[in-house]
Each structure stands twice: as C-alpha cells, then as structure tokens.
Amino acid sequence: MSHDHSHSAGDRRVGVAIISNLLLTLAQVVGGILSGSLALIADALHNFSDMASMVIALVARRIARRPADPAMTFGYGRVETVAALVNYTSLILIGLYLGFEGIMRLLDPAEVAGMAVIALGVLALVVDTLTAFLTGSIQHGGANIRALFLHNLSDALTSVAVVVSGVLIVLYDWRLIDPLITLLISGYILWLSATEVGGVIRVLMLGSPPDIDTDAVLDCIREFDGVEGVHHAHFWLMEEKTAALDTHIVVVDSIWQEQHTLKEEIRRTLDSRFGIQHTTLELEPSNQQHQGASLYGRD
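We now turn to the structure provided with this report. In this text, all values refer to a predicted model and were calculated from it rather than measured experimentally. (Residues numbered from 1 in each chain as written. Predicted model: local features only at pLDDT ≥ 70, side-chain atom pairs only at ≥ 80, totals over all residues. Heavy atoms only, no water.)

### Considerations on the overall build of the protein
Reasoning step 1: Broken down by element type, the protein carries eight helices and three strands.
Reasoning step 2: From first element to last, N terminus to C terminus, the protein shows the α and β order α-α-α-α-α-α-α-β-β-α-β.
Reasoning step 3: Classification of the 299 residues of the protein by burial places 47% in the buried group.
Reasoning step 4: Accessible area of the protein: about 15200 Å², with a carbon and sulfur share of 63%. (Helix = DSSP H or I, 4+ residues; strand = E, 2+ residues; numbered from the N terminus. Buried < 20%, exposed > 50% of the residue type's maximum accessible area, 1.4 Å probe, protein only. Areas by Shrake-Rupley, 256 points an atom, 1.4 Å probe, with all protein chains shown as cover.)

Structure, rendered in structure tokens:
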C-alpha cells in the first residue's frame, strides 16, 4: 500500500470518528439538559474535546506532510506537537470546569431521569468503541493518533460509569452518584492531561530526548581516537521521536586530514548505539579550538 493511499484511508477513518463524536456530543448535551444529568453533560464535553482533538490532529497530519521549504527549513512535522499542546490545554480547562460544577451539584443534588442517562450512556459506549476501533487501526501513524486512541478507549470506560450511575438512580434514586461520576470524569481528565502535557512542552522547549543519556553520548564521542574534547552540545527532538544532535568536536592536529572519515564514523556510531539520526558535527583542530566553551549550550 502506498503512503498516499495509507494516509488517505487513515484520514477517512478519523473523519468518520469526528462525525460520530459530533452527533454523540449533540445527543448527550440535549439529553443531559432534558434529564438533568450533569454526568451526561460532562461526558458530552469530554467527547467534544476529543472531537476537537481529532479535528486538530487531522489538520496537523495534513500539514505535517508538507516538505521543508525556505520558511520552515525543518519541515512541518512539529505542528502535531503544537496541536497536542492545544488539545491538552483545552482538556485542562474542561476538567477544571467540570470539577467546579460537580462540587456545586454535590451541595445541591438535582433530580435526574435515570432511564435517559442509561440510554444515552449505552449510545456513547457504542460510539466510543467504534471510534477507538477507527483510531486504533491507524495508531502507528504518530503520537497524535495514538493519544486519540487511548482517549477513545478511556471514553468507553467513562461511558460505562455513566450507565452505572443511571442504573443506580433508577434502582435506588441515588442522586449523589451523578455529581460523583462528574467529579470522577473531571479528575481523570486532569490526571491524563497532567501526565502527558509535560512531554509535549519538552519537545516545544527543545528539551533533550528523555530516553537518551546525553552524557553517555558525549563520552562515546570522546572515546574515538583523535578526539580531544567536545563542547557546545545541543540535543533535541526534531519531530516526535527523531533525536538530533548539534555539537563541536575538537580533533588533534595529527589526524586533521582524516576529519571527514572520523565524522562519518561518529555519525554511524551515534545512529546505531543511540538512535540519533540527525547530527550536525562541527570539527575544530586542536590548535584553533574555542577557549572556555561550555559543554552544553552556546556560551
């Protein structure tokens, strides 16, 4: 299967998931208002945020395929990271809002139509399961889609909680279960966002790849014959998991004529041992090395 055909098929599946979640969100909002269930509205907002995430992810997938140009010499792949930050920020705001509303409803429990909650909860479970299947089938396409798959899978579990709350309301008229489920959804949203947003910020801040020991990489470079020192090292992620390194390497004068061979050996070793595929290595002869240079950064 060609990459273009695979991308198109993946985009269509995300499109179906978007439409399904939009219809579900509308049904849950209307049902939540009519039944008086805050848990349904909470689940609707959660589904709406996932739908918005899918829209952003779909647009980001398309933009990320554009080749590098004079305006974006690194390409457009990092747009997916920007999209992820937007998605997690919106999730945090929604989680805080639901937490506030849940606490208010705990203080003043409202009457809830349990059968409507059960019916819409079952509908949500079906749609969430379908959406998880659609995004799960293309989750190899990138972090954005994998994150959507996990969200959809967790949405299905949330829908189960909503159904349980409806059953308890019908059987025992336990009105407190509705705001309690809402607070549970709120807590889950905030926990999920807090655990995942750090990695997104790290990429945007040009932080070092978390799974690479930067000191070990520089020690590896120093072990090559003819290498006298290393400085001005910069590690970062170009897009998702593409690790990159930019550094200056001081080479003894006696092998300066062999600098190109040395550079290629270092590149191959960094790729095979550490998975660093993008390297910019600036070699300096020992008698012209930068004095007082810091190991990391540019000072």
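Picking up after the structure, the text goes on.
### Regarding the sheet that holds strand S1 (residues 227–237)
Reasoning step 1: Read across the open sheet, the three strands follow the order S1-S2-S3; overall the sheet is mixed. Looking at which strands have only one partner, the edges of the open sheet turn out to be S1 and strand S3 (278–285). With strand direction ignored, the average angle separating the axes of adjacent strands in the sheet is 15°.
Reasoning step 2: As judged from the eight bridges shared by S1 and strand S2 (residues 243–251), these two strands associate in the antiparallel manner. Within S2, the position partnered with Val227 by the bridge is Val251. (Pairing = 2+ DSSP bridges. Axes fitted to C-alpha atoms, helices over the stretch in contact; angles between N-to-C directions.)

### A short note on the packing of helix H3 (residues 79–107) against helix H6 (residues 177–204)
Reasoning step 1: In the contact formed by H3 and H6, the axes pass within 8 Å of each other and the chain directions differ by 155°. Between H3 and H6, the interaxial angle falls into the category roughly antiparallel. When you trace H3 past H6, the crossing you get is left-handed.
Reasoning step 2: Taken together, the residues of the contact of H3 with H6 sort by class into 22 nonpolar, seven polar and three charged. (Parallel < 35°, antiparallel > 145°, perpendicular 65-115°, else oblique. Left-handed = near helix turned anticlockwise from the far one by under 90°. Nonpolar A, V, L, I, M, F, W, Y, C, P; charged D, E, K, R; others polar.)

### Quick notes on the packing of aromatic side chains
Reasoning step 1: Scanning all chains against the criterion turns up two aromatic pairs.
Reasoning step 2: Between Phe74 and Trp236, the aromatic rings sit 6.4 Å apart at their centres with planes inclined by 85°, giving edge-to-face as the arrangement. Placement of the pair is Phe74 in the loop between helix H2 (38–64) and H3 and Trp236 in strand S1, with a sequence separation of 162 residues.
Reasoning step 3: Classification of Phe74 by relative accessible area gives exposed; the value is 52%. (Phe/Tyr/Trp six-rings, centres within 6.5 Å; stacked < 30°, edge-to-face > 60°.)

### Regarding unusual backbone geometry
Reasoning step 1: Here the phi dihedral of Asp173 falls at roughly 55°; this positive angle occurs in a residue that is not glycine.
Reasoning step 2: Under the relative-accessibility criterion, Asp173 is labelled partly exposed at 47%.

### Some details on the pattern of salt bridges
Opposite charge on two side chains permits pairing when their charged atoms draw close.
Reasoning step 1: Under the counting rule described, the total for this entry stands at three salt bridges.
Reasoning step 2: Across the pair Arg105 and Asp178 runs a salt bridge, and its minimum N-O distance is 3.7 Å. Pair noted here: Arg105 is in helix H3 and Asp178 is in helix H6, with a separation of 73 residues, a long-range link.
Reasoning step 3: In this structure, the salt-bridge partner of Glu264 is Arg267, at a minimum N-O distance of 3.0 Å. (Salt bridge = Lys/Arg side-chain N within 4 Å of Asp/Glu carboxyl O.)

### A look at the environment of Gly199
Reasoning step 1: For Gly199, the location among the structural elements is in helix H6.
Reasoning step 2: Put simply, Gly199 and Pro210 are 11 residues apart on the chain and 8.7 Å apart in space, counted from C-alpha to C-alpha.

### Some points on the pairing of S3
Reasoning step 1: Here S2 pairs with S3 via eight bridges, running parallel. Directly across from Ile249, in S3, lies its bridge partner Leu283.
Reasoning step 2: Handedness of the S2-helix H8 (residues 259–274)-S3 crossover: right-handed. (Right-handed = clockwise from strand over helix to strand, strands pointing away.)

### Examining the side chain of Thr25
Reasoning step 1: By secondary structure assignment, the location of Thr25 is in helix H1 (residues 3–35).
Reasoning step 2: Taking relative accessible area as the criterion, Thr25 reaches 6% and is therefore assigned buried.
Reasoning step 3: The residues touching Thr25, leaving out its near neighbours within four places in the chain, are Ala44, Asn47 and Phe48. (Contact = heavy atoms within 4.5 Å.)

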